[in-house]
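A structural walkthrough
For reference, the chains in residue letters:
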Amino acid sequence: MAASLGRAVAGLLTRLQTSATTARTLLPSSSCSQNIPSCLWKLGRLNHVAIAVPDLEKALCLYKDVLGAQVSEAVALPEHGVYTVFVELGNTKLELLHPLGEESPIASFLQKNKTGGMHHICIEVDNIKAAMTELKKKKIRILSEEPKIGAHGKPVIFLHPKDCHGVLVELEQA
């Protein structure tokens, strides 16, 4: 019985080694990460997905009354030209954005997207200044010269969507 078990294990190992060799030959010879030096900063968790809404009260009611989510009070952020409401989810948040004034970037977004829609994603970083320095070296455009204080009271920057595959990315100091 031991000999039979030994042959079975040997056969399994041979198949695994053959599969691993096949898998290696299918992978591209140069990986995207091979040319990327180690960074002085790291991406963290997804903090929130921001949604621009034309009617903040209706959107708040949808998430609170219809879907039963825990929803914050609306907070005005004049420096960013928005009202924000956070919807708590189990593993992240939604940020509802509504224009604060006609010069709001959300007002211009809503002119193009009358019913609203996804505006940006926010990812935490452990060192926002180092991230800015490194991203500038990699020719990623940052939409401000210095971080601004965001809705969570922490420094934030936004990366140009044309440099991020069409997605406006917010980085927030963790």
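Going by the structure above, here's the rest.
This is a predicted model, so every value here is computed, not measured.

Rules and cut-offs
Residues numbered from 1 in each chain as written. Predicted model: local features only at pLDDT ≥ 70, side-chain atom pairs only at ≥ 80, totals over all residues. Heavy atoms only, no water. Helix = DSSP H or I, 4+ residues; strand = E, 2+ residues; numbered from the N terminus. Buried < 20%, exposed > 50% of the residue type's maximum accessible area, 1.4 Å probe, protein only. Lys, Arg positive; Asp, Glu negative; His and termini not counted. Salt bridge = Lys/Arg side-chain N within 4 Å of Asp/Glu carboxyl O. Polar contact = N/O pair within 3.5 Å; in protein donor to acceptor, adjacent residues only side chain to side chain. Contact = heavy atoms within 4.5 Å. Pairing = 2+ DSSP bridges. Core = buried A, V, L, I, M, F, W, Y, C linked by side-chain atoms within 4.5 Å.

1. With respect to the side chain of Glu170
For Glu170, the position within the fold is in strand β9 (residues 169–173). Salt bridges are absent for the buried Glu170, whose nearest opposite-charge side chain, Lys93, sits at 10 Å. Side chain to side chain, Glu170 and His120 meet in a polar contact 2.9 Å long. Once you skip the residues sitting within four places of it in the chain, Glu170 turns out to touch His48, His120, Ile121, Cys122, Ile123, Val156, Ile157 and Phe158.

2. Quick notes on the pairing of strand β1 (residues 43–52)
Where β1 and strand β6 (residues 117–125) come together, 7 bridges link them in antiparallel fashion. Looking across to β6, one finds that Val49 is bridged to Ile121. Two strands pair when backbone bridges link them, and β1 and strand β5 (residues 93–99) are joined in this way by 5 bridges, in the parallel orientation. Its bridge partner being in β5, Ala52 is matched across the sheet by Leu97.

3. Description of the nonpolar core
Counting residues in hydrophobic clusters, the biggest one holds 15 residues, and the most contacted among them are Trp41, Leu135, Ile142, Ile157, Leu159, Val169 and Leu171. Of all the elements in the fold, those that place two or more residues in this core are β6, α4 (128–137), β8 (155–159) and β9. For this core, the element with the highest residue contribution is α4, accounting for 5 residues. Counting residues in each nonpolar core, the second largest holds 13 residues, with Leu56, Ala59, Val85 and Val87 among its members.

4. Thoughts on unusual backbone geometry
Look at Lys139: it is not a glycine, yet its phi comes out positive at around 65 degrees. When you line up the elements, Lys139 lands in the loop between α4 and β7 (148–149). One non-glycine residue, His165, lies in the positive phi region at around 55 degrees. Tracing the backbone through its elements, the reader meets His165 in the loop between β8 and β9.

5. Details of the pattern of salt bridges
Enumeration according to the criterion identifies 4 salt bridges in this entry. Of the charged contacts, one joins Asp163 and Arg141 as a salt bridge, the two residues approaching to 3.0 Å between their closest N and O atoms. You can see Asp163 sitting in the loop between β8 and β9 and its partner Arg141 sitting in the loop between α4 and β7, a full 22 residues away along the chain.

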